Amino acid sequence: MSSSAVVTATVEVALDPLTAFEVFTGEIGQWWRPGPINWNDPGRAVGIRIEPGVGGRWIEVYDAATGEGFECGRIRVWEPGARLVVSYRDAGRDLDDTEVEIRFARVPAGGPSLKAARTSTGGSLTLIESHTTGGAPMHVHGGEDECFYVVEGTIVVHCGDDVFEAGP
């Protein structure tokens, strides 16, 4: 990879920038998808964690008791709610010493607004205010319930073979 190669990816989540930063860094072990292509040593990896602050380590955990393992990178910039910069290592592959910058920014007006996050409710609830036309694509919730409180307009909800239309 040349030193001038740049890859940009954008992911929108229904969280404010500070909460998104905290989830990204503090809960990486809950959302990072384990698998042979995501681990430096899939036979030993039992988790992943990020140590907060400049100089902190991004660690592929091999020892659950100590939290130690392979150092995937070092934190160069730690700006909660704004930016995280990491020097990344990938066990001797071409990606070694790649700089990864993650920016956290508010979605422009009209996007979802987080009112309560699972991090602030002990994992029991996420509450999002959304002003939408067309709604979310068809999807399934396997481990949680979804409910709606309609303030204006109508919503059509498919639940299995049942279809419900609700208004305010």
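Here the structure is shown first, and the text comes after it.
One structure accompanies this document, and this report is about it. Bear in mind that the values here come from a model prediction, so they are computed numbers and not experimental data. (Residues numbered from 1 in each chain as written. Predicted model: local features only at pLDDT ≥ 70, side-chain atom pairs only at ≥ 80, totals over all residues. Heavy atoms only, no water.)

**Some details on the environment of V13**
So, step 1. If you trace the backbone, V13 turns up in the segment before α1 (17-26).
So, step 2. Along the chain, V13 and R106 lie 93 residues apart, while their C-alpha atoms are 9.6 Å from each other. (Helix = DSSP H or I, 4+ residues; strand = E, 2+ residues; numbered from the N terminus.)

**What about the environment of D16?**
So, step 1. Relative to the helices and strands, D16 resides in the segment before α1.
So, step 2. Residue D16 is classed as partly exposed on the basis of its relative accessible area of 21%.
So, step 3. Separated by 65 residues in sequence, D16 and G81 place their C-alpha atoms 8.0 Å apart. (Buried < 20%, exposed > 50% of the residue type's maximum accessible area, 1.4 Å probe, protein only.)

**Observations regarding the packing of aromatic side chains**
Here the distance between the centres and the angle between the planes together describe a pair of aromatic rings.
So, step 1. This model, assessed by the stated rule, comprises seven aromatic pairs.
So, step 2. On the numbers, 5.3 Å between centres and 55 degrees between planes, the contact of W58 with Y88 is tilted. Placement of the pair is W58 in strand β2 (residues 57-63) and Y88 in strand β4 (residues 83-88), with a sequence separation of 30 residues. Y88 shares its class with W58; the two are buried. (Phe/Tyr/Trp six-rings, centres within 6.5 Å; stacked < 30°, edge-to-face > 60°.)

**Observations regarding the nonpolar core**
So, step 1. Ranked by internal contacts, the top residues of the largest apolar core, which has 18 residues, are I28, W32, I48, W58, L84 and F104.
So, step 2. Those elements giving two or more residues to this core turn out to be α1, β1 (47-50), β2, β3 (68-79) and β4.
So, step 3. The residues contacting W58, other than those within four sequence positions of it, are I28, W32, I48, R49, I50, F70, E71, C72, G73, V86 and Y88. (Core = buried A, V, L, I, M, F, W, Y, C linked by side-chain atoms within 4.5 Å. Contact = heavy atoms within 4.5 Å.)

**Some details on the pattern of salt bridges**
So, step 1. What the rule picks out here adds up to 10 salt bridges.
So, step 2. Across the pair D41 and R44 runs a salt bridge, and its minimum N-O distance is 4.0 Å.
So, step 3. Salt bridges sharing common partners tie together R49, E51, R57 and E68. (Salt bridge = Lys/Arg side-chain N within 4 Å of Asp/Glu carboxyl O.)

**Describing the side chain of S87**
So, step 1. Within the secondary structure, S87 sits in strand β4.
So, step 2. S87 gets classed as buried once you look at its relative accessible area, which sits at 13%.
So, step 3. Other than its neighbours up to four places away in sequence, S87 contacts C72, G73, R74, R76 and T98.

**Section: the sheet that holds β1**
So, step 1. If you trace the five strands from one edge of the open sheet to the other, you get β1-β2-β3-β4-β5, paired in antiparallel fashion. Strand pairing shows two members of the sheet lacking a second neighbour, β1 and β5 (98-103), which therefore form its edges. With direction set aside, neighbouring strand axes in the sheet form an average angle of 25 degrees.
So, step 2. Its contacts with the sheet put α1 on β1, β3, β4 and β5, and the angle it makes with β4 is roughly 25 degrees. (Pairing = 2+ DSSP bridges. Axes fitted to C-alpha atoms, helices over the stretch in contact; angles between N-to-C directions.)

It is worth stressing that arrangement in space is one thing and function is another; only the former is reported here.
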